[in-house]
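Commentary on secondary and tertiary structure
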Amino acid sequence: MTGRLPSALEHVHKIAAADDRQLAVFLDYDGTLTPIVSHPEKALLSSSMRQALRALVARATVAILSGRDLDDVRKRVDIDAIVYAGSHGFDIAGPHGLRKQPAMEFLPKLDVAEKELGKQLTGIPGAWIERKCFSIAVHYREVEESNIPNVNRAVNEVVTCHRGLRRMEGKKVYEVLPVIDWDKGKAVIWLSETLGLQRRKMRSIYIGDDRTDEDAFRALQQRGISVLVSEQPTATAAIYSLKDPAEVECFLRRLVACLPADADS
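Let me sum up the structure you'll find in this document.

So, the packing of helix 4 (residues 107–121) against helix 5 (residues 148–161)
Where helix 4 meets helix 5, the axes come as close as 10 Å, and the angle between the chain directions of the two elements is 150°. On the basis of the axis angle, helix 4 is roughly antiparallel to helix 5. Both helix 4 and helix 5 take part in a crossing whose hand is right-handed. Side by side, helix 4 and helix 5 meet where A113, E116, L117, Q120 and L121 of the first sit next to V151, A154, V155, E157 and V158 of the second. In terms of residue class, the contact of helix 4 with helix 5 is built from seven nonpolar, one polar and two charged.

This is the structure in structure tokens:
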């Protein structure tokens, strides 16, 4: 879909009261729960957003799927009842021993690729590597425009040299990931099946702002509601929109107010 989507804020009662089923809410982190910032370390969850999440967890099943490392996003949110998926869904953990790591065999290749990228990017001011367990992020937000093609070339060369790895583009970042049939969409489907969401006939809502979230939007086209966080109209598989994390927080608070107090979380 292209153009301006209907606002999820304006349709929160419709979203919450579509039927009598309970909710499962999936959320991205950066750009969704926190604003996009110049450096990932600065993306701190506000106390008011954490309060909104705590209120939501009491009424619904909640999962956060992030490009960040699992331990990083879990530490930043710090709510035990939430399911966390790091590295774009490649590293999942949750209550009651929930665990999924579908790409363990790719770790040695990622180790080698990380070293090669470090050498390739030496001398490009502003470019830096963030190693996560199951991916390598090459950040170029602070790289001069004339140098960005050099960053792009370096990433392409390393990925080309290593069969089994692929490149993915995000917001001012290139990610190197394992080549397997797995993404945020597959992670959402796996979580839905593993947590028994379909068996319990729960409705799913996914809220995200990045290209990686489009996989989840598409996965939920026949089984849930998708919300894009963006101030600009853009091509998307989502059916609703919110402008920014402030609107996400407002939506979550209104959603909680619409849900029955005895919802099974």
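Brief notes about the sheet that holds strand 9 (residues 173–178)
Strand pairing within a sheet occurs via backbone hydrogen bonds; the two strands may be parallel or antiparallel. Pairing is antiparallel in the open sheet, where four strands are placed in the order 6-7-9-8. The sheet is open, and its two borders are formed by strand 6 (128–131) and strand 8 (165–169), each paired with just one other strand. Within this sheet the neighbouring strands show an average axis-to-axis angle of 25°, counted without direction. Seen against the sheet, helix 4 touches strand 6, strand 7 (136–139), strand 8 and strand 9 and runs at an angle of roughly 165° to strand 6.

A short note on the pattern of salt bridges
Any two side chains of opposite charge can pair, on the condition that their charged atoms come close. One pass over the structure, following the stated rule, counts 17 salt bridges. Salt-bridge contacts for E175 lead to K132; the nearest nitrogen and oxygen are separated by 2.9 Å. Residue E175 is found in strand 9, and its partner K132 is found in the loop between strand 6 and strand 7; the two are separated by 43 residues along the sequence.

Structural notes on the pairing of strand 1 (residues 23–27)
Residues in a regular strand point their side chains to alternate faces of the sheet. The buried fraction of strand 1 amounts to five of the five residues, a majority that puts the element mostly inside the structure. Side-chain alternation along strand 1 places L23, V25 and L27 on one buried face and A24 and F26 on a second face that is also buried. With five bridges connecting them, strand 1 and strand 10 (residues 203–208) associate as parallel partners. The residue of strand 10 that forms the bridge with L23 is R203.

A word on helix 5
Between its first and last C-alpha atoms helix 5 spans 20 Å; for 14 residues at 1.5 Å apiece the expected length is 20 Å, and the two agree. Within the sequence span of helix 5, burial applies to I148, V151, A154, V155, V158 and V159. Buried positions in helix 5, seen along its axis, are confined to an arc of 125° and lie on one side of it. Among the exposed residues of helix 5, those pointing more than 90 degrees away from its buried face are T160 and C161. The secondary structure elements touched by the buried residues of helix 5 are helix 4, strand 7, strand 8 and strand 9.

Quick look at the packing of aromatic side chains
Under the defined criterion, the tally for this structure stands at three aromatic pairs. For the pair F26 and Y206, a centre-to-centre distance of 6.4 Å together with 15° between the ring planes defines the contact as stacked. One end of the pair, F26, is in strand 1; the other, Y206, is in strand 10, with 180 residues separating them in the sequence. This pair shows no difference in class: F26 is buried, exactly as Y206 is. Grouping aromatic residues by their ring pairs yields a cluster made of F26, Y206 and F217.

Some details on the sheet that holds strand 4 (residues 91–94)
In spatial order, the strands read 5-4-3-2-1-10-11-12; together these eight strands make up an open sheet with mixed pairing. Single-partner strands in this sheet number two, and they are strand 5 (98–100) and strand 12 (240–242). Sheet twist, expressed as the mean angle between neighbouring strand axes with direction ignored, is 15°. Across three bridges, the pairing between strand 11 (residues 224–229) and strand 12 is parallel. Of the residues in strand 12, the one forming a bridge with V227 is Y240.

Conventions adopted
Residues numbered from 1 in each chain as written. Predicted model: local features only at pLDDT ≥ 70, side-chain atom pairs only at ≥ 80, totals over all residues. Heavy atoms only, no water. Axes fitted to C-alpha atoms, helices over the stretch in contact; angles between N-to-C directions. Helix = DSSP H or I, 4+ residues; strand = E, 2+ residues; numbered from the N terminus. Parallel < 35°, antiparallel > 145°, perpendicular 65-115°, else oblique. Left-handed = near helix turned anticlockwise from the far one by under 90°. Contact = heavy atoms within 4.5 Å. Nonpolar A, V, L, I, M, F, W, Y, C, P; charged D, E, K, R; others polar. Pairing = 2+ DSSP bridges. Salt bridge = Lys/Arg side-chain N within 4 Å of Asp/Glu carboxyl O. Buried < 20%, exposed > 50% of the residue type's maximum accessible area, 1.4 Å probe, protein only. Expected span 1.5 Å × (residues − 1). Arc of directions from axis to C-beta. Phe/Tyr/Trp six-rings, centres within 6.5 Å; stacked < 30°, edge-to-face > 60°.

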